[in-house]
Amino acid sequence: MDKLIVEGGYKLQGTVNISGSKNASLPILAAALLTDEPVRISRVPDVSDTNYMIQILSQLGASVERSSGTVRIESPDGISSSASYDQVRKMRASICLLGPMMARMHRCTLPLPGGCVIGDRPVDLHVRAIQALGARVRVKGGNLVIEAPNGLVGTTVDMRGDNGPTVLGTDNLMMAAVLARGTTVIESAAREPEVVDLANFLNKMGARIEGAGSRTITIHGVERLHGCEHTVIPDRIEAGTFMVAGIMCSDTGITLNRVCEEHLGAISALLRECGHTVNFNEAGDSVFVKAGEKPTSGKILTAPYPAYPTDMQAQMTALFSVTPGISVVKDTIFPQRFMHCSELKRMGANIKVDSGTAIITGVEGLSAAPVMASDLRASAALVLAALAAEGTTEIHRLYHIDRGYEMLDDKLMSLGAHVQRVPDPDEGKAEL
Ligand code: EPU
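Structural notes, computed from the coordinates.

Here is what the cut-offs are and how they apply
- Numbering of residues begins from 1 in every chain and follows the order in which that chain's sequence is written.
- Where local features are concerned, this predicted model is filtered to residues with pLDDT of at least 70; where side-chain atom pairs are given and counted, the filter is 80 or more; whole-chain, interface and lining totals use all residues.
- Computation of side-chain values covers all heavy atoms of the structure but excludes hydrogens and water.
- Any two strands with at least two DSSP bridges between them are considered paired.
- Note on conventions: DSSP H or I runs of at least 4 residues are helices, E runs of at least 2 residues are strands, and numbering of each starts at the N terminus.
- Here, axes are lines fitted to C-alpha atoms. For helices the fit covers the stretch in contact, and angles between N-to-C directions go from 0 to 180 degrees.
- Only heavy atoms are used to decide nearness, and a residue is near a molecule or strand if one of them lies within 4 Å of it.
- As used in this structure description, the phrase polar contact means that two N or O atoms lie within 3.5 Å; if the pair is within protein, one of them must be able to donate a hydrogen and the other to accept it, and residues adjacent in sequence are counted only when both atoms belong to side chains.
- Methods summary: accessible areas were calculated by the Shrake-Rupley approach with a probe of 1.4 Å, and residue burial reflects only the protein chains presented.
- Each residue is assigned to one class: nonpolar for Ala, Val, Leu, Ile, Met, Phe, Trp, Tyr, Cys and Pro, charged for Asp, Glu, Lys and Arg, and polar for all the others, Gly among them.
- A cavity here means a set of 1 Å grid points, computed over protein atoms only, where a 1.4 Å probe fits but cannot escape. A pocket is an open set with protein on both sides within 12 Å along at least 5 of 7 lines, and lining residues have an atom within 4 Å of a point.
- Grid points are joined across faces, edges and corners, and a volume is the space filled by probe spheres set on the points.
- Salt bridge, as used here: a side-chain nitrogen of Lys or Arg that lies within 4 Å of a carboxyl oxygen of Asp or Glu.
- For each residue, the accessible area found with a 1.4 Å probe, counting protein chains only, is set against the maximum for its type, and the residue is called buried under 20%, exposed over 50%, and partly exposed in between.
- As used here, the arc is the angular range of directions from the helix axis to the C-beta atoms.
- When checking whether two residues touch, look at their non-hydrogen atoms; a contact exists if any pair is within 4.5 Å.

## Focus: the sheet that holds strand β16 (residues 254-257)
Next up, step 1: The strand order across the open sheet formed by 4 strands is β2-β16-β18-β17, and the pairing between neighbours is mixed. Two strands lie at the open edges of the sheet, namely β2 (14-17) and β17 (277-280), each paired on one side alone. Averaged over all pairs of adjacent strands, the angle between their axes in this sheet comes to 20°, without regard to strand direction.
Next up, step 2: Here 4 bridges tie β17 to strand β18 (residues 286-290), and the two strands are oriented antiparallel to one another. Each residue of the ladder has a partner; that of Phe280, found in β18, is Val287.

Here it is as structure tokens:
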């Protein structure tokens, strides 16, 4: 296991390329199980979550080849319908195998993902969806055991939960429905760009999906799907993270290439409201960010897309920590997702967390401290704080960041940051 040593105070400049989206890649990789023909997926980021998914697909019997961002998957008939606990427990997103396994084999045994540091993470909506298509679901020995001996049948399913629509739940239902008999209508569907990317991928495979990106998605079941080629969308959360880095740690500003302006609407709007420069090129695939001369505090209310994403609240909290005035961050999706705040406080931030809300009073500057990453986005917030802080910060449990940021240390160094990844032999590996 590694830790990251960050010498704070070095100013970033230059240009960085944003990788393909982790959260779009995961269900798209799983969807390769829907056909026995080869699929080729490009711009899959080389992060541990995509590696876990590839390992699970291989264990199930798919043949997977990966070379420089492109993954080729072929899933012959006879692949296993049972995933192992050892693999699945490493990544909650492995729940998105449920839809493709049920569509292809009409049965699956999938270990129930356990709890998670950012919240309870239930799967009741995934279960409700597959039951609505006619499957029988049991929990046995910690596994979801799901069977639909007569196949899946399309119907109308409302996917809204107490905290709004579910992203991977919508993905699962879409993937289950593409080979179901008849038409499935998903009401209260998640509208995230990653859901649209999956729908585009499935349609390239021969699926008939309409309305992805809106609240109602209609899927007309087809007999079979075929192979295809697809390029994953840019990672809007990695882009948002670098936008904040450019604002917190640069005098001249930085440029991000390979982004998608449309997907960054809420993040760009907030940064502009707080007085910063966010300028996209005409094509919307490159953005220049620079700190404003008179930055102001801000308010975040996380909510499903197109509102402000929960996956970008920790990073913005790091920025608000050093922005004059009082900022407020409320997470309605994962109200417990504030583990980064206690670590930021160890670096001198002034934050109070109460009932899913962080109240941040900006301080003049942060100071280095040894800190502990607790989840993927929390660790990104700590890296941002460390880059801006005075002194040398050690960030432990770096494996959290490796789950979702491709070559983060290399990219930061190319912008002029002084960061070093070193082995951290004393660290016991905690549950992911
Ligand atoms: N929920 C339920 N029941 C369910 C499923 C979800 O109540 O069966 C609740 C959740 O507890 C949460 C809300 O619904 O309050 C939304 O959760 P969602 O299901 O949308 O989350 P997810 O699909 O499991 C994806 C991303 C997360 C991101 C969330 C929200 C992937 C692989 N993961 O998770 O990404 O935070 O959507 O946008 O796409 C990350 O990248 O750091 C990350 C955690």
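## With respect to the pairing of strand β12 (residues 183-187)
Next up, step 1: Here strand β9 (residues 156-158) runs beside β12; their pairing, made up of 3 bridges, is parallel. Residue pairing for β12: Val157 is matched across the bridge by Ile186.
Next up, step 2: Note: β12 against strand β14 (residues 217-220), 4 bridges, orientation antiparallel. Following the sheet pairing, Val185 is matched in β14 by Thr218.

## Observations concerning the site of the ligand
Next up, step 1: Around the ligand lies a shell of 23 residues, among which Thr166, Val167, Asp311, Ile333 and Arg377 are the nearest.
Next up, step 2: Between an oxygen atom of the ligand and a main-chain N or O atom of Pro122, the distance comes to 3.2 Å.
Next up, step 3: Between the ligand and Arg337 there is a distance of 3.2 Å, counted from an oxygen atom to a side-chain nitrogen or oxygen.
Next up, step 4: Coverage of the ligand by the protein amounts to 89% of the 830 Å² it exposes when considered alone.
Next up, step 5: Breaking the shell around the ligand down by element, the ones donating at least two residues are α1 (22-31), α5 (124-132), α6 (167-177) and α12 (376-388).
Next up, step 6: In terms of residue class, the shell around the ligand is built from 12 nonpolar, 5 polar and 6 charged.

## Quick word on the layout of surface pockets
Next up, step 1: Size it by volume and the second largest pocket reaches roughly 390 Å³.
Next up, step 2: Lining of the second largest pocket is provided by 23 residues; of these, Lys11, Ile247, Met248, Cys249 and Ala291 occupy positions nearest its centre.
Next up, step 3: Mapped onto the lining of the second largest pocket, the elements with two or more residues apiece are α8 (236-248) and α12.
Next up, step 4: When grouped by side-chain class, the residues that make up the lining of the second largest pocket number 12 nonpolar, 6 polar and 5 charged.

## Some thoughts on the pattern of salt bridges
Next up, step 1: Applying the stated criterion across every chain yields a total of 18 salt bridges.
Next up, step 2: In this structure, the salt-bridge partner of Glu238 is Lys411, at a minimum N-O distance of 2.6 Å. Pair noted here: Glu238 is in helix α8 and Lys411 is in helix α14 (residues 408-414), with a separation of 173 residues, a long-range link. Considered together, Glu238 and Lys411 belong to a single accessibility category, that of buried residues.

## Regarding helix α11 (residues 339-346)
Next up, step 1: Restricting attention to buried positions, one finds in α11 the residues His340, Cys341, Glu343 and Leu344. Seen end-on, α11 carries its buried residues on one side only, within an arc spanning 165°.
Next up, step 2: Buried-residue contacts for α11 involve α10 (313-321), β21 (350-354), β22 (357-361), β23 (370-372) and α12.
Next up, step 3: Among the residues trailing α11, Gly348 stands out with phi positive, at a value near 100°.

## Quick notes on the sheet that holds strand β1 (residues 2-7)
Next up, step 1: Strand order in the open sheet made by the 4 strands is β23-β24-β1-β25, with mixed pairing throughout. Strands at the two margins of the open sheet, each flanked by one partner only, are β23 and β25 (418-423). Sheet twist, expressed as the mean angle between neighbouring strand axes with direction ignored, is 25°.
Next up, step 2: Alignment of β1 against β25, held across 6 bridges, turns out to be antiparallel. Bridge pairing in β25 links Glu7 to His418.
Next up, step 3: Against the sheet, α12 touches β1, β23, β24 (392-396) and β25, its axis set at about 170° to β24.

## Comments concerning empty space enclosed by the protein
Next up, step 1: A full pass over the atoms with the stated rule returns 2 cavities of 30 Å³ or more.
Next up, step 2: By volume, the largest cavity amounts to about 60 Å³.
Next up, step 3: Along its surface, the largest cavity is lined by Thr241, Phe242, Ala245, Ala380, Val383, Leu384, Leu387, Ile401, Tyr405, Leu408 and Leu412.
Next up, step 4: Elements supplying a minimum of two residues to the lining of the largest cavity: α8, α12 and α14.

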